[in-house]
Every structure is written in structure tokens, then in C-alpha cells.
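Architecture and fold: a report
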Amino acid sequence: MRLDKFLSDCGLGTRKQLKEYIKNGMVTVDGNIISKPEFAVDPNKNEILFSGESLTENYSEFRYYILNKPQGVVSATKDNHDKTVLDLIDTGLDKNLAPVGRLDKDTEGLLIITNDGKLTHSLLSPKKHVEKEYVVYTRDKVLDEDIRKLEEGLDIGDEEPTLPAKAFIKQDENGEETLHLILHEGRFHQVKRMLLAVGNEVTFLRRIRMGKLSLTGDLKVGEYRELTKEELSLLQEKNTD
Ligand code: URA
């Protein structure tokens, strides 16, 4: 890529400012001062310094964010009516970001946002069966019999019944009993439709885990941050099955 494009991706300024920096000899590539903005660089191979500081040491063309999605925003890249999850990620630097899968507008919780299409594909591939864990608040008490049906697989109106899942009751932070549902697939409105199929109704839904990556307490609803290296490796690990 062009040197000025790389510097721009690093958030160092406008194209005009970058041209000045380059002209003023502030940028070196593999130890040589480069004065042409169009000079071709490969940030994965070349050592690029700005004012003596390495820009390539921790460079990655990919960005990975974890968002604690609030209710009321849609999991899309663009929407004519509603705020999207990308409107919440306002670094101003990243291009081609997209959410990994979807949460309904009224669902809260863990959503990964990245421009790494390969990772997105592997997390969403039906063959990979990546686990998704939800905390489910329901209109009526969930009975043992319902747990059994949710775990076995249910007819929710699709061609195939749902895959076997894990379901259990756990107290939330306020001592309220909630259903935890762990799915290995991601069909449209799946949790809501599964609860409807056992004669109940979801009143509130939060996703707390995807694969081996869990939502952490430091992220309040509506907040996001970059994934740590450790978290990224958790996400890249082969999940389940
Ligand atoms: N299942 C649902 O019904 N909604 C979600 O947002 C996610 C899973």
C-alpha cells in the first residue's frame, strides 16, 4: 500500500498533513528517509518509523472490538431509521467494520465487531457450531420439562428442529432466577422462537458469551473496547465440538 495510506490508517493526520510530514523527513522505511507519499510499503514486512517511533511493531490490518450492545440499536452497518452498532464504534479510523452476526434490536450484550472477514466467517459457519450463551428473562417460570425440551431440540417452524442445546437455571446478580441457554447455531430470533415453542415468552435477552469469549464486567451497556490479545486468541481457538 502507499506510505501515506498506511500513515492515514494509523490515524496520524489528514493526507495534507501526512504529505508535509513525509516531505519533512519524519518518516523512515527500513532506516531510509522516504520523501514520496506514494512509496509502496508492506506494513507486515517493512519497519516504518514516524518521528523515530515504530508504527509497525504492533501493526495489524485488522481491528477487533467487543461491544456490550444496548437495546435500541440494530446489528447492521447501515440503516435508514435506526442507530446501528457501527454508529457506536466511533474511532473514525476503521473501514469495513461489520458485526459478527446479529442480535435483535431489543437484545443486549456481547457483539464482536471486526473487519476480519475470515474470522467472521469461521465464527458464523454453521459447520463450526460455535457456542452462544444467552441469559433469558421470561414471562413465566421455566419448568424442568421445558428445560428438557429446549435441550433436546424443538420444532420452531423451520424445516429442521433446533439442534440439541444446553439449558439451566441460574440466579442473576439481583438474585432473580433466569434461564441460561447455550446454542450451537444462530437462527433468526432463535431464542425467542424456542421459548414460544414451549408456551413461554422472552421478556429480555442478553448474550454473555460467544465461543470461549465472555462479556466482562468492565464493559457497561453501550461501551466497547478493542479485544486484548488473549481475548482474540480465545475467539480464534477451535470452539466446542
Ligand atoms: N435469539 C433471539 O431470539 N434474538 C437474538 O437477538 C439472539 C438470539
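Reference entry: report on the structure contained in this document. Bear in mind that the values here come from a model prediction, so they are computed numbers and not experimental data.

1. Considerations on the overall build of the protein chain
- Per the secondary structure count, the protein chain includes 7 helices and 13 strands.
- Against the compact-globule benchmark of 18 Å for 241 residues, the protein chain has a radius of gyration of 22 Å, which places it well outside the compact range.
- Projected onto its principal axes, the C-alpha coordinates of the protein chain cover approximately 75 × 35 × 35 Å.
- Here the protein chain, with 241 residues, has 44% of them falling under the buried criterion.
- Considering only intrachain contacts with a sequence separation of at least 6, the fraction spanning at least 24 residues in the protein chain is 62%.

2. A word on the pairing of strand S7 (residues 107–114)
- Burial analysis of S7 places 8 of its 8 residues in the buried class, the great majority of the element.
- Pairing between strand S5 (residues 64–69) and S7: 6 bridges, direction antiparallel. Its bridge partner lying in S7, Tyr 65 is registered against Ile 113.
- By the bridge criterion, 2 bridges tie strand S6 (residues 98–99) to S7 in an arrangement that is antiparallel. Bridge pairing in S7 links Pro 99 to Ile 113.
- Note: S7 against strand S11 (residues 202–210), 3 bridges, orientation parallel. Opposite Gly 109, over in S11, you have Arg 207 as the bridge partner.

3. Looking at the pairing of strand S9 (residues 166–171)
- Bridge count between S9 and strand S10 (residues 177–183): 6 bridges; the pairing is antiparallel. Residue Gln 171 lies in a different strand from S10, and its bridge partner there is Glu 177.
- Hairpin remark: S9 followed by S10, antiparallel, with 5 residues in the connecting loop; positive phi at Gly 175, about 85°.

4. So, the pattern of salt bridges
- Under the counting rule described, the total for this entry stands at 22 salt bridges.
- Asp 106 serves as the salt-bridge partner of Lys 192, at 2.7 Å between the closest nitrogen and oxygen. Remark: Asp 106 occurs in the loop between S6 and S7 and Lys 192 occurs in helix H6 (residues 190–197); sequence separation between them is 86 residues.
- Looking at Asp 106, the relative accessible area reads 39%, which means it is partly exposed.
- Linking Arg 209 and Glu 133 is a salt bridge whose minimum nitrogen-to-oxygen distance equals 3.0 Å. In this pair, Arg 209 is assigned in strand S11 and Glu 133 in strand S8 (residues 132–138), connecting sequence segments 76 residues apart. You'll find Arg 209 and Glu 133 in the same group, each marked buried.
- Connected via shared salt-bridge partners are Glu 131, Glu 133, Lys 166 and Arg 209.

5. Remarks on unusual backbone geometry
- With phi around 50°, Asp 30 is a residue other than glycine that occupies positive phi space.
- Note on placement: Asp 30 falls in the loop between strand S1 (27–29) and strand S2 (32–33).
- The residue Ser 51 is not glycine, and still its phi comes out positive at about 55°.
- Among the secondary structure elements, Ser 51 is positioned in the loop between strand S3 (48–50) and strand S4 (53–54).

6. A few points about the site of the ligand
- Surrounding the ligand, one finds Leu 103, Asp 104, Thr 107, Tyr 134, His 189, Gln 190, Val 191, Lys 192 and Leu 205.
- The separation between an oxygen atom of the ligand and a polar main-chain atom of His 189 is 3.3 Å.
- In the model, a nitrogen atom of the ligand is placed 3.1 Å from a nitrogen or oxygen of the Val 191 main chain.
- Burial of the ligand by the surrounding chains reaches 96%, relative to a free accessible area of 240 Å².
- Considering every element that reaches the shell around the ligand, the biggest residue donor is H6, with 3 residues.
- Considered class by class, the residues forming the shell around the ligand number 4 nonpolar, 3 polar and 2 charged.
- No fewer than three residues from each of domain 2 (60–128 + 216–241) and domain 3 (131–210) sit in the shell around the ligand.

7. Some details on the sheet that holds S4
- Spatially, S2-S1-S3-S4 is the arrangement adopted by the 4 strands of the open sheet, whose pairing is antiparallel. Both outer strands of the open sheet, S2 and S4, are each paired with one neighbouring strand and no more.
- Relative to S3, S1 is paired through 3 bridges, and the arrangement is antiparallel. Bridge pairing links Val 29 to Ile 48 in S3.

What counts and how
Residues numbered from 1 in each chain as written. Predicted model: local features only at pLDDT ≥ 70, side-chain atom pairs only at ≥ 80, totals over all residues. Heavy atoms only, no water. Helix = DSSP H or I, 4+ residues; strand = E, 2+ residues; numbered from the N terminus. Rg over C-alpha atoms; globule rule 2.2 N^0.38 Å. Buried < 20%, exposed > 50% of the residue type's maximum accessible area, 1.4 Å probe, protein only. Contact = heavy atoms within 4.5 Å. Pairing = 2+ DSSP bridges. Salt bridge = Lys/Arg side-chain N within 4 Å of Asp/Glu carboxyl O. Near = heavy atom within 4 Å. Polar contact = N/O pair within 3.5 Å; in protein donor to acceptor, adjacent residues only side chain to side chain. Areas by Shrake-Rupley, 256 points an atom, 1.4 Å probe, with all protein chains shown as cover. Nonpolar A, V, L, I, M, F, W, Y, C, P; charged D, E, K, R; others polar. Domains from an automatic or database assignment.

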